[in-house]
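Take a look at the letters that make up each chain.
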Amino acid sequence: MKNEVLDVTGMRALPVDLDTALSLMPYVRFLEQRIVEEKTLKSGFYKNILNYFRENQLPEGDIPLEEAKQYSEFFEYVYGTLSAPLASEHKLAWGLSFPLYPFIFYGTDLLFEMLNTKPLDAQFELQKKPDDYQRDRLHLIYTLILQRLYNFQVPVKIQQYHTWTDINTGLLRYYEVLVNPEFVEVSAKTELPELNFVEIYAHFSEEDGHLQLQKVLPLEMFRFRGFAVITVTDVTARMAVETIKKVQFNRIPGDSPARYHRIIQSLKTLVQNNRIEFDLFPFVRVNGQAVYGYGQAGTGVLFQIWGENRLTPEEFRRQAEGYAAKPNSFFSPDIQGEDEKQISWLTPFRNLNVRSLALVPLFVEQKLVGVLCMHTWEDERFDEKKLAWIEMAFTPIAQLLNTYIEEFNMELESIIKEKFTSIQPAVQWKFNEAAWHYLHRRKKGLPEVSENIAFYDVFPLYGAIDIRNSTSERNTAIRADLGHYLDMLDELLNALTPFDRSSLMRELRFHCSKWLQTVKQGELNSTSENNLNTFLNEEARNYLMHLSQQDPRTTLLIDEYLGFTHAGQGEVHRNRQELDRSMELINSAVNHYFEDEKETLQESYPCYFEKFRTDGIEYDIYIGQSIAPDKPFSHFHLKNLRLWQLSSMIEVARLTRRLLAEMPKELHTTQLIFVHNHMIDISFRADERKFDVEGAYNIRYQMIKKRIDKVRIKHSEERLTQPDKIALIYLHHRDIEDYLPFIHYLQETNALDPVTEELELEDLQGLSGLRALRLAINYQEAE
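Residues numbered from 1 in each chain as written. Predicted model: local features only at pLDDT ≥ 70, side-chain atom pairs only at ≥ 80, totals over all residues. Heavy atoms only, no water.

Some words on the overall build of the protein chain
Part 1 of the argument: Scanning the protein chain from terminus to terminus reveals 23 helices and 26 strands.
Part 2 of the argument: In summary, the protein chain has a C-alpha radius of gyration of 42 Å against a globular reference of 28 Å for 783 residues, an excess of more than 25%.
Part 3 of the argument: For the protein chain, the spread of C-alpha atoms along the three principal axes comes to 135 × 80 × 60 Å.
Part 4 of the argument: The buried share of the protein chain, taken over its 783 residues, is 48%.
Part 5 of the argument: Taking as baseline every contact in the protein chain between residues at least 6 positions apart, the subset at least 24 positions apart corresponds to 70%. (Helix = DSSP H or I, 4+ residues; strand = E, 2+ residues; numbered from the N terminus. Rg over C-alpha atoms; globule rule 2.2 N^0.38 Å. Buried < 20%, exposed > 50% of the residue type's maximum accessible area, 1.4 Å probe, protein only. Contact = heavy atoms within 4.5 Å.)

Printed below as a string of structure tokens:
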């Protein structure tokens with residue numbers, strides 16, 4: 001036992017002006033009461049303590065703290081009466097402290113070893129701040145005042161958690177300090193005021209409630225005498241598991257590395273060995289099939305062995321499903337041993353210098369969610385006792401892996417929703433509302449009703465980036481490839497004539513010559529093109545393969561021809577491949593640009609943005625109050641989008657122009673905007689999984705969009721849309737009033753050339769009076 005003064009808070013406690021002193025009398029009165037009540041041998045022990053107190057004439061008044069060491073023998077009696085009979089002094093962290101001050105003056109050696117702020121072989125760190133200690137002390141003080149003087153019980157448990165860091169391992173140890181004020185007597189110096197106990201109870205639940213209590217019950221009204229009993233308990237295991245639970249419930253999107261680091265450190269704290277390593281491997285599935293996860297946790301040893309760097313998706317799926325069918329635990333203190341070397345699946349672990357290894361399957365509601373790996377490197381080892389230490393962490397870690405799986409699935413659903421459906425964040429709330437209505441009716445047993453998901457009075461914005469002459473370019477590429485294909489076939493058939501003089505060969509050569517003439521004369525249409533492909537890829541190819549098998553002399557010639565005409569790779573597909581690569585280069589770049597811009601546009605005001613893939617890229621944007629009812633919509637939001645329309649078309653034109661050097665086949669784009677200055681209604685069509693316009697007048701808007709892509713200037717054969725230009729089609733001059741200031745702005749900033757073409761357009765079926773502005777893009781400004 002030690003008899004010296006120690007500040008439990010590490011000198012962090014804020015001063016509190018209290019009339020308090022160390023006194024033995026509360027304990028003496030406790031003994032006197034127990035002697036009256038106790039009928040066992042304990043009564044004699046209590047009498048001996050009282051006799052000691054009286055015979056040695058110990059003080060009945062206040063004792064200065066610095067004189068406490070003079071009464072260590074009496075404090076041993078206190079220890080004997082308050083500690084468990086079978087408890088060892090060396091295993092019990094127990095002590096006495098000054099009343100309502102964090103000063104321990106007597107206690108077991110273990111207590112001082114735990115709480116000493118300057119141990120020889122450890123560093124000490126307190127988790128609480130001075131304000132935290134102050135709040136806890138004042139809560140304890142007022143709890144005593146209300147209990148002893150008002151008989152008002154407040155369920156307040158005063159706890160302090162201390163963190164002790166072992167410099168040898170770098171791991172934490174947690175200790176809980178419990179303060180028992182049973183031997184602290186409280187008395188009032190003045191008459192006690194009446195209290196509103198409803199308000200008092202509320203103050204105890206408030207973080208700064210002690211400040212209000214000080215106003216009602218000033219501390220100078222009271223005096224405190226006696227001592228408090230301190231008990232310290234090692235709660236490292238409990239706190240390590242609590243940390244894992246907190247990480248699970250307080251996770252932040254995107255913080256996976258930091259989250260898993262805290263988990264691994266908590267597991268190391270649990271086993272109190274920094275050289276024991278941990279790894280987590282979640283089992284995620286797509287369409288019921290096991291696939292790689294992407295969140296490395298711990299050393300990553302399982303990802304190295306079971307991940308994509310070592311296994312193909314099919315190999316991983318086969319091994320994962322095999323393990324899931326029979327998920328057994330594995331433990332070996334030394335996988336480098338002779339017996340373990342006979343286990344082939346341990347070879348990758350041995351190659352990584354793993355020594356001790358434990359693999360534990362983790363489950364949530366009987367579903368396998370992952371594997372916990374506990375291992376060491378090189379010469380470090382552990383036994384099954386260490387493995388037993390972490391059993392209490394299995395459940396929270398399994399929940400954490402299950403959370404990872406749920407987040408993985410939610411991310412997949414989010415991508416599907418964003419990339420492959422019409423349910424975008426701007427309109428998600430409407431679908432949530434409709435789904436809740438649907439669920440509510442189902443739970444109430446009411447007939448299910450499909451709710452119409454519609455947005456009324458929204459402004460539409462339409463734009464199209466088209467690849468110039470894509471249809472004619474494709475036809476040209478097809479004719480060139482087919483002509484080359486026929487030339488090679490004709491050359492081969494001539495070479496094979498000495499080996500095959502059959503009627504079938506003569507017929508084949510006749511059809512080949514006839515098709516060559518058709519292609520060269522440009523008489524190929526879609527029907528004849530299909531017939532020609534059938535001739536080349538089926539009739540001619542099948543006969544040639546038959547001939548190769550019948551006459552080995554022809555094999556070399558035919559194999560060379562088949563290589564040149566191989567689907568997708570052969571030389572005879574070169575023109576179409578070059579065209580496809582060029583078109584894909586343009587569309588990918590434009591699509592990526594609009595994907596980035598879509599996110600930016602939502603910052604100003606939520607809008608529905610939908611892209612369509614044709615030979616180029618088209619988009620529809622809808623914006624209006626009904627899209628975001630909780631956010632006021634103004635005309636400035638619409639004007640912002642219209643300025644963006646012009647600016648984005650300039651950027652897209654510049655973007656595709658920069659791609660010319662990378663294109664196997666040079667292609668150019670045209671930029672078109674259709675201006676519709678009236679609000680329309682849109683609704684979600686469940687059968688097509690997309691939004692569409694409603695009402696006869698609104699459908700006319702859709703009709704115009706579909707017919708204007710190849711419109712010509714009135715009284716000419718010139719197409720409105722041209723490379724390096726932006727075309728704005730409208731019906732009435734008032735429709736473009738918002739755009740005109742923006743056009744002038746872009747011209748004055750040299751983004752557009754200063755000349756604006758005002759054009760009338762040809763009449764289309766059921767549509768007349770269309771007009772257009774055509775603007776030339778200034779590329780020099782960008783360069």
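Regarding the sheet that holds strand E2 (residues 19–22)
Part 1 of the argument: An order of E2-E9-E8 is seen for the 3 strands of this open sheet, with the pairing classed as mixed. Since the sheet does not close on itself, it has two edges, and those belong to E2 and strand E8 (184–188), each with one partner. On average, each strand axis in the sheet is tilted by 15° relative to the strand beside it, whichever way the strands run.
Part 2 of the argument: Of the strand pairs in this sheet, E2 and strand E9 (residues 222–226) are connected by 4 bridges, and their pairing is parallel. For Thr 20, the partnering residue across the bridge sits in E9 and is Phe 224.
Part 3 of the argument: Its contacts with the sheet place helix H5 (residues 130–150) against E8 and E9, and it is angled at close to 70° to E8. (Pairing = 2+ DSSP bridges. Axes fitted to C-alpha atoms, helices over the stretch in contact; angles between N-to-C directions.)

Notes on the pattern of salt bridges
Part 1 of the argument: Applying the stated criterion across every chain, the model contains 36 salt bridges.
Part 2 of the argument: Asp 551 serves as the salt-bridge partner of Arg 553, at 2.9 Å between the closest nitrogen and oxygen.
Part 3 of the argument: Look at Arg 553 and you get exposed, because its relative accessible area is 56%.
Part 4 of the argument: Note on Asp 551: relative accessible area 12%, which makes it buried.
Part 5 of the argument: For Glu 595, the salt bridge is made with Lys 598, and the minimal N-O distance between the two is 3.8 Å. One end of the pair, Glu 595, and the other, Lys 598, are both in helix H20 (residues 574–604), 3 residues apart, so they sit about a helical turn from each other. The pair formed by Glu 595 and Lys 598 is uniform in burial state, with each residue classed as buried. (Salt bridge = Lys/Arg side-chain N within 4 Å of Asp/Glu carboxyl O.)

Details of unusual backbone geometry
Part 1 of the argument: In this model, Gln 57 sits at a positive phi of 50°, which is unusual for a non-glycine residue.
Part 2 of the argument: Within the fold, Gln 57 resides in the loop between helix H2 (42–55) and helix H3 (72–82).
Part 3 of the argument: Of note in the backbone geometry, Asn 287 takes a positive phi value of approximately 55° without being a glycine.
Part 4 of the argument: Residue classification places Asn 287 among the exposed positions, given a relative accessible area of 76%.

Quick notes on empty space enclosed by the protein
Part 1 of the argument: Overall, the coordinates contain 3 cavities of 30 Å³ or more when judged by the stated rule.
Part 2 of the argument: In terms of residues, the lining of the second largest cavity owes the most to one element, helix H21 (residues 635–658), which gives 3 residues.
Part 3 of the argument: Class assignment of the residues belonging to the lining of the second largest cavity gives a composition of 4 nonpolar, 3 polar and 2 charged. (1 Å grid on protein atoms, 1.4 Å probe; cavity = no way out; pocket = protein on both sides within 12 Å on 5 of 7 lines; lining within 4 Å. Points joined across faces, edges and corners; volume = space filled by probe spheres on them. Nonpolar A, V, L, I, M, F, W, Y, C, P; charged D, E, K, R; others polar.)

Considering the layout of surface pockets
If a probe the size of a water molecule is rolled over the atoms, the empty space left behind becomes visible.
Part 1 of the argument: The calculated volume of the largest pocket comes to roughly 630 Å³.
Part 2 of the argument: Counting residues per element, the ones that place at least two in the lining of the largest pocket are strand E18 (454–467), helix H16 (470–496), strand E19 (608–613), strand E20 (617–623), strand E21 (669–674), strand E23 (690–694) and helix H22 (696–707).
Part 3 of the argument: The residue inventory of the lining of the largest pocket, partitioned by class, reads 12 nonpolar, 9 polar and 14 charged.

Examining the confidence of the model for the protein chain
Part 1 of the argument: Confidence in the prediction for the protein chain averages 87 pLDDT; 93% of positions are at 70 or higher.
Part 2 of the argument: Note on residues 117–127: pLDDT under 50 across the span, and 30 contacts to partners over four residues away in sequence or across chains. (pLDDT = per-residue confidence, 0-100.)

A look at the packing of aromatic side chains
Part 1 of the argument: Within the structure shown, the criterion is met by 46 aromatic pairs.
Part 2 of the argument: For the ring pair Phe 281 and Phe 316, a centre distance of 6.1 Å and an interplane angle of 50° mean the geometry is tilted. Of this pair, Phe 281 sits in strand E11 (residues 277–282) while Phe 316 sits in helix H11 (residues 313–325); the two residues are 35 residues apart in sequence, bridging distant segments of the chain.
Part 3 of the argument: With a relative accessible area of 1%, Phe 281 lands in the buried category. (Phe/Tyr/Trp six-rings, centres within 6.5 Å; stacked < 30°, edge-to-face > 60°.)

Some remarks on H3
Part 1 of the argument: All of the buried residues along H3 are Phe 74, Phe 75, Val 78, Tyr 79 and Thr 81. For H3, the angular spread of buried residues about the axis comes to 165°, placing them on one side.
Part 2 of the argument: Buried residues belonging to H3 abut helix H1 (25–37), H2, strand E3 (93–97) and strand E4 (103–107). (Arc of directions from axis to C-beta.)

Brief notes about the sheet that holds strand E15 (residues 330–332)
Part 1 of the argument: Spatial ordering of the open sheet is given by E14-E11-E17-E16-E15, a layout of 5 strands whose pairing is antiparallel. In this open sheet, the two edge strands, each paired with only one partner strand, are strand E14 (297–298) and E15.
Part 2 of the argument: Bridge count for strand E16 (residues 354–364) against strand E17 (residues 367–377) is 9 bridges, and the pairing is antiparallel. The residue bridging Ala 358 from the neighbouring strand is Met 374, located in E17.

Concerning the nonpolar core
Part 1 of the argument: Phe 74 and Phe 75 are the most contacted members of the largest nonpolar core, which totals 57 residues.
Part 2 of the argument: Per element, the largest residue contribution to this core is 8 residues, and it comes from H5.
Part 3 of the argument: Not counting chain neighbours up to four residues away, the residues in contact with Phe 75 comprise Leu 24, Ala 68, Leu 96, Phe 105 and Tyr 106. (Core = buried A, V, L, I, M, F, W, Y, C linked by side-chain atoms within 4.5 Å.)

What to know about helix H17 (residues 503–520)
Part 1 of the argument: If you check H17, its first and last C-alpha atoms are 26 Å apart, about what 18 residues at 1.5 Å a residue would give, namely 26 Å.
Part 2 of the argument: The complete set of buried residues in H17 reads Met 505, Leu 508, Cys 512, Trp 515, Leu 516, Thr 518 and Val 519. Buried residues of H17, viewed axially, fall in a sector of 160°; they line one side. Opposite the packed face of H17, turned more than 90 degrees from it, sit the exposed residues Ser 503, Arg 506, Phe 510 and Lys 514. (Expected span 1.5 Å × (residues − 1).)

Brief notes about the packing of H16 against helix H19 (residues 555–564)
Part 1 of the argument: The geometry of H16 relative to H19 is characterised by a closest axis approach of 11 Å and an angle of 175° between their N-to-C directions. Looking at the two axes, H16 sits roughly antiparallel to H19. On the side of H16, the interface is formed by Tyr 485, Met 488, Leu 489, Leu 492, Ala 495 and Leu 496, while H19 contributes Leu 557, Ile 558, Tyr 561 and Phe 564.
Part 2 of the argument: Each residue belonging to the contact of H16 with H19 can be placed in one class, and the counts come to 10 nonpolar, no polar and no charged. (Parallel < 35°, antiparallel > 145°, perpendicular 65-115°, else oblique.)

Concerning the environment of Leu 144
Part 1 of the argument: Locating Leu 144 in the fold gives a position in helix H5.
Part 2 of the argument: Counting along the chain gives 40 residues from Leu 144 to Val 184, while the straight-line C-alpha distance between them is 8.5 Å.
Part 3 of the argument: Beyond its immediate sequence surroundings of up to four residues, Leu 144 is in contact with Leu 100, Leu 149, Pro 181, Val 184 and Val 186.

Observations regarding the pairing of E3
Part 1 of the argument: The element E3 is extensively covered by neighbouring structure, given that 5 of its 5 residues are classed as buried.
Part 2 of the argument: Residues Ala 93, Gly 95 and Ser 97 point to one face of E3 and Trp 94 and Leu 96 to the other, with burial holding for every one of them.
Part 3 of the argument: Across 5 bridges, the pairing between E3 and strand E10 (residues 228–234) is antiparallel. Its bridge partner lying in E10, Ala 93 is registered against Val 232.
Part 4 of the argument: Connecting E3 to the next strand, E4, in antiparallel fashion are 5 residues, including Leu 100 with a positive phi near 65°.

A word on the side chain of Asp 738
Part 1 of the argument: Locating Asp 738 in the fold gives a position in the loop between strand E24 (725–730) and helix H23 (739–748).
Part 2 of the argument: At 2.6 Å, the side chain of Asp 738 and the side chain of Arg 642 are in polar contact.
Part 3 of the argument: Dropping the residues within four chain positions of it, Asp 738 is found in contact with His 635, Lys 639 and Arg 642. (Polar contact = N/O pair within 3.5 Å; in protein donor to acceptor, adjacent residues only side chain to side chain.)

Section: the packing of H20 against H21
The geometry of a pair of packed helices is captured by two quantities: the angle between their axes and the separation between those axes.
Part 1 of the argument: As a packed pair, H20 and H21 sit with axes 11 Å apart at the nearest point and diverge in direction by 155°. Between H20 and H21, the angle is such that the two are roughly antiparallel. Considering how the two elements wind past one another, H20 and H21 form a crossing that is right-handed. Side by side, H20 and H21 meet where Ile 586, Ala 589, Val 590, Tyr 593, Phe 594, Glu 597, Leu 601 and Ser 604 of the first sit next to His 637, Asn 640, Leu 641, Trp 644, Ser 648, Glu 651, Val 652, Leu 655 and Thr 656 of the second.
Part 2 of the argument: Residues belonging to the contact of H20 with H21 are distributed by class as follows: 10 nonpolar, 5 polar and 2 charged. (Left-handed = near helix turned anticlockwise from the far one by under 90°.)

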